[in-house]
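Spelled out, the chains give:
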Amino acid sequence: MQVLVVEDEQRMADLLRQGLEEEGHSVVLAADGRDGLAMAESHPFDAIVLDVMLPGLDGFSVVRKLRAARNQTPILMLTARDATPDIVQGLNVGADDYVVKPFAFAVLLARLRAVSRRGPIPEPVPLQVANLTLNPASREVMRGRRRIGLTRTEYSLLELLMKRAGRVVPREHLIESVWGFDAEVRSNTLDAFIRLLRDKVDTVGEAKLIQTVRGVGYCLRES
Ligand code: CA
């Protein structure tokens, strides 16, 4: 992961950098709140470790400004004072978790891993191909004004095909993405689900959007 560490105490900053680098992460340091905010805004980090007490701009303000700008990078706050109001304030303004100084490095790593696993919450972008729309936020699928009810698997397949609309998605890729690498899914299972999906998406009288590319995979496009 690429981690931004915003910490003004040199010793603590060095300790964090060294420890995180030993774990295989790459670290960028900022020594005050304004620099930290500017860096977080200009580069997509995987996670931010953010001290509360900072010169320039305090940690709470940094979080508030990032979240107001819809930056959803996971943030772990470092607080020197084990004061409940501090912690509550940090979480209220949009931090993901906190660690109280002094802390064991293993604890910081575990918390950081947990918040970054949750990952940034992406702004869902509705997908559209011809008059077929899929809204990832509501999981609503529409063909024109007709609402389409899909099972989880059908939805996953359609979402993937729509994300790559116009391109052929190989069979193996569809299987791995929808059922996972470990799943033992036979090729004809994929075909069966595509058939179900087709029955719902491409009904009689409508242009066929789900195309079979023999021996390769499937493609969603206007014919
Ligand atoms: Ca500090």
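Fair warning: this is a prediction, and the values are worked out from it, not measured in the lab.

*Asks:* Quick rundown of the sheet that holds strand β3 (residues 47-51)? Include the residues and the values.
*Replies:* If you walk across this open sheet you meet the 5 strands as β2-β1-β3-β4-β5, and the pairing is parallel. Sheet topology places β2 (26-30) and β5 (97-100) at the edges, where each strand pairs with a single neighbour. For this sheet, the mean angle separating the axes of adjacent strands, direction not counted, is 20 degrees. Where strand β4 (residues 75-79) and β5 come together, 4 bridges link them in parallel fashion. Across the sheet, residue methionine 77 finds its bridge partner in β5, namely tyrosine 98. Each of β1 (2-6), β3, β4 and β5 touches helix α5 (residues 105-118); the most contacted strand, β5, lies at about 175 degrees to it.

*Asks:* Talk me through the coordination of the calcium ion; I want residue IDs and the actual numbers.
*Replies:* For the calcium ion, the full set of protein donor atoms is Asp8 (OD), Glu9 (OE), Asp51 (OD) and Met53 (O), at a range of 2.1 to 3.1 Å. Mapped onto the polypeptide sequence, the residues donating to the calcium ion form the spacing pattern D-E-x41-D-x1-M. A residue pair is termed long-range when its members are at least 10 positions apart, and glutamate 9 in the loop between β1 and α1 (10-22) and aspartate 51 in strand β3 qualify at 42 residues. With relative accessibility at 39%, the residue glutamate 9 sits in the partly exposed group. The exposure class assigned to aspartate 51 is buried, which follows from its relative accessible area of 2%.

*Asks:* Run through the sheet that holds strand β12 (residues 217-220), naming residues and quoting values.
*Replies:* With antiparallel pairing, 3 strands are arranged side by side in an open sheet as β10-β12-β11. Two strands bound the open sheet, and with one partner strand each, they are β10 (168-170) and β11 (210-213). With direction set aside, neighbouring strand axes in the sheet form an average angle of 30 degrees. Alignment of β10 against β12, held across 3 bridges, turns out to be antiparallel. Looking at β12, one finds that proline 170 is bridged to glycine 217. Here helix α6 (residues 152-163) sits on the sheet and contacts β10 and β12; the angle it forms with β12, its principal contact strand, is near 70 degrees.

*Asks:* Can you break down the side chain of glutamine 211 residue by residue, with the values?
*Replies:* Positionally, glutamine 211 belongs in strand β11. Here lysine 208 takes part through its backbone oxygen, which lies 2.9 Å from a polar atom of the side chain of glutamine 211. Beyond its immediate sequence surroundings of up to four residues, glutamine 211 is in contact with Arg198, Gly217, Tyr218, Cys219, Arg221 and Ser223.

*Asks:* Give a description of the confidence of the model for the chain that names residues and reports values.
*Replies:* Mean pLDDT over the chain stands at 88; residues scoring 70 or higher make up 93%. Within the chain, β1 carries the highest mean pLDDT (97), whereas helix α4 (residues 84-92) carries the lowest (73).

*Asks:* So what about unusual backbone geometry? Which residues, and what values?
*Replies:* Residue proline 102 follows lysine 101 across a cis peptide bond; omega there is -5 degrees. Within the secondary structure, proline 102 sits in the loop between β5 and α5. Positive phi outside glycine occurs at arginine 70, with the angle close to 65 degrees. Mapped onto the elements, arginine 70 comes out in the loop between α3 (59-68) and β4.

*Asks:* Report on the pattern of salt bridges, specifying residues and quantitative values.
*Replies:* Any two side chains of opposite charge can pair if their charged atoms end up close together. A full pass over the atoms with the stated rule returns 12 salt bridges. Among the ionic pairs, arginine 17 bridges to glutamate 21, the shortest N-O distance being 3.5 Å. Remark: glutamate 21 and arginine 17 occur in helix α1; sequence separation between them is 4 residues, near one turn of the helix. Exposure remark for glutamate 21: the relative accessible area of 37% places this residue in the partly exposed category. The partner of arginine 146 in a salt bridge is glutamate 206, with the nearest N and O atoms 2.8 Å apart. Taken together, the residues span a long stretch of sequence, with arginine 146 in strand β9 (residues 146-148) and glutamate 206 in the loop between α8 (187-201) and β11 at a distance of 60 residues. A network of salt bridges, in which partner residues are shared, links Glu7, Glu9, Asp51 and Lys101.

Definitions and cut-offs
- Residues numbered from 1 in each chain as written.
- Predicted model: local features only at pLDDT ≥ 70, side-chain atom pairs only at ≥ 80, totals over all residues.
- Heavy atoms only, no water.
- Pairing = 2+ DSSP bridges.
- Helix = DSSP H or I, 4+ residues; strand = E, 2+ residues; numbered from the N terminus.
- Axes fitted to C-alpha atoms, helices over the stretch in contact; angles between N-to-C directions.
- Contact = heavy atoms within 4.5 Å.
- Donors = N, O, S within 2.8 Å, 3.2 Å for Na, K, Ca; no water.
- Buried < 20%, exposed > 50% of the residue type's maximum accessible area, 1.4 Å probe, protein only.
- Polar contact = N/O pair within 3.5 Å; in protein donor to acceptor, adjacent residues only side chain to side chain.
- pLDDT = per-residue confidence, 0-100.
- Salt bridge = Lys/Arg side-chain N within 4 Å of Asp/Glu carboxyl O.

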